[in-house]
Amino acid sequence: MENTKQHQEMGYDRSIGMFSPAGVNLQIEYAEKAVTLGAPVLAMTTKQGLVYIVDRRLKSKLLVKNSLKKVISVDNHIIISGAGVMSDGRRLIEQSQVMAQDHRVKYQTPTDVLSMVKDLANIKQHYSQSGGVRPFGVSLLIGAIEDGIPKLYQTTPSGMYFNYLAKSVGTNSNKLDAFLEENYKENMSHKDAIKLGLKAFKQVQDKNFDIERFEVVTLDSNEKMNKISESEIKKYK
């Protein structure tokens, strides 16, 4: 921490293309910090497809709940959510929708998710080394169904990407991931995955847990996306 402060004072965080003497790109570290401050998202692969559980952090009773959508459909078989600076995320998600549409128009087939993940990661990496820009302060969880098999990827602000069975991003993601590592099982049902995810949030958030803040979305192996109603979510409490 002392070295980081010293390197800040020396100006190593003023240029995206400059490494500190410790070999760290401070602007990427700042972007990663923004992710850890974002509303948490948890996603899991199941035997039926994918489950996303998102804390919407509803801060006002005047806010129209359904207007705040954190899980977005990119194509029939791909959905995305993320944590961090979601205005950055919106830009990347909209770009992914264009990619998917362009692929369908050109080849008359759905795009494969790994190609899309690589393209999004490449955009992020470009913004981590180019002058006059800053890194994207968002980590995305990209889920897809390919040949009936669920796939889940994460992209980081630095442009890295990883393939997971289950993953969380955002506030307390380290604690949520630890809970998943201990309790997640492959080939869970949607129902069991939703129960597990809400249990993870309840354990981590403790007194701040409020089930009305959550958005739960599933993507079935037949590529059908379903948003679980609030009344149904409360049954899993």
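Residues numbered from 1 in each chain as written. Predicted model: local features only at pLDDT ≥ 70, side-chain atom pairs only at ≥ 80, totals over all residues. Heavy atoms only, no water.

Participant: Describe the nonpolar core, naming the residues involved and giving the relevant values.
Facilitator: Among the nonpolar cores identified, the biggest contains 24 residues, and Met44, Ile53 and Leu198 are the most heavily contacted of them. When near neighbours in sequence (up to four residues on either side) are disregarded, Ile53 contacts Pro40, Val41, Leu42, Met44, Ala193, Ile194, Gly197, Leu198, Phe201, Phe214, Glu215 and Val216. (Core = buried A, V, L, I, M, F, W, Y, C linked by side-chain atoms within 4.5 Å. Buried < 20%, exposed > 50% of the residue type's maximum accessible area, 1.4 Å probe, protein only. Contact = heavy atoms within 4.5 Å.)

Participant: Explain unusual backbone geometry to me, using residue names and the numbers behind them.
Facilitator: Keep in mind that most residues, glycine aside, have a negative phi and that most peptide bonds are trans. Phi angles above zero are rare outside glycine, and Asn172 is one such case at about 60°. The exposure class of Asn172 is partly exposed, given its relative accessible area of 28%. Non-glycine residue Glu223 carries a positive phi angle of around 70°. Topologically, Glu223 is positioned in the loop between β9 (214-220) and β10 (225-227). (Helix = DSSP H or I, 4+ residues; strand = E, 2+ residues; numbered from the N terminus.)

Participant: Tell me about helix α6 (residues 190-205), and name the residues and values.
Facilitator: Its 16 residues give α6 an end-to-end C-alpha distance of 22 Å, which sits within 8% of 22 Å, the value for a rise of 1.5 Å per residue. Those residues of α6 not exposed but buried are His190, Ala193, Ile194, Leu196, Gly197, Leu198, Ala200, Phe201, Val204 and Gln205. Of the surrounding elements, those touching the buried residues of α6 are β1 (41-45), β2 (49-55), α5 (173-183), β9 and α7 (230-234). Just downstream of α6 lies Asp206, where phi reads positive at about 55°. (Expected span 1.5 Å × (residues − 1).)

Participant: Before we move on, could you go through the sheet that holds β10 and cite the residues and values that matter?
Facilitator: Pairing is antiparallel across the open sheet formed by five strands, whose spatial order is β8-β1-β2-β9-β10. Two strands close off the open sheet at either side, each with one partner strand: β8 (166-169) and β10. Looking at each pair of strands side by side, their axes are set apart by 15° on average, direction ignored. Pairing geometry for β2 and β9, over seven bridges, is antiparallel. Counted as the bridge partner of Val54 is Glu215 from β9. Across the face of the sheet, α5 comes into contact with β1 and β8 while running at roughly 165° to β8. Contacting β1, β2 and β9, α6 runs over the sheet at an angle of about 25° to β2. (Pairing = 2+ DSSP bridges. Axes fitted to C-alpha atoms, helices over the stretch in contact; angles between N-to-C directions.)

Participant: Describe the packing of α5 against α6, and please don't skip the residues or the numbers.
Facilitator: Where α5 meets α6, the closest approach of the two axes is 10 Å, and the angle between their N-to-C directions is 135°. Taken together, the axes of α5 and α6 are oblique relative to one another. Here α5 runs over α6; the crossing is right-handed. For the pair α5 and α6, the contacting residues are Lys175, Leu176, Phe179, Leu180 and Asn183 in the first and Leu196, Lys199, Ala200, Phe201, Gln203 and Val204 in the second. Residues belonging to the contact of α5 with α6 are distributed by class as follows: seven nonpolar, two polar and two charged. (Parallel < 35°, antiparallel > 145°, perpendicular 65-115°, else oblique. Left-handed = near helix turned anticlockwise from the far one by under 90°. Nonpolar A, V, L, I, M, F, W, Y, C, P; charged D, E, K, R; others polar.)

Participant: Residues and numbers for the pairing of β8, please.
Facilitator: Alternating residues of β8 divide into Ala166 and Ser168 and Lys167 and Val169, and every residue in both groups is buried. As judged from the four bridges shared by β1 and β8, these two strands associate in the antiparallel manner. Opposite Val41, over in β8, you have Val169 as the bridge partner.

Participant: Describe in detail the sheet that holds strand β5 (residues 138-146), supporting the description with residues and values.
Facilitator: Taking strand neighbours across the sheet as the criterion, the five strands line up as β3-β4-β5-β6-β7 in an open arrangement whose pairing is antiparallel. At either margin of the open sheet sits one strand with a lone partner, and together these are β3 (72-75) and β7 (161-164). For this sheet, the mean angle separating the axes of adjacent strands, direction not counted, is 25°. Where strand β6 (residues 149-155) lies against β7, four bridges are found, and the strand directions are antiparallel. Counterpart to Thr155 in the pairing with β7 is Tyr161.

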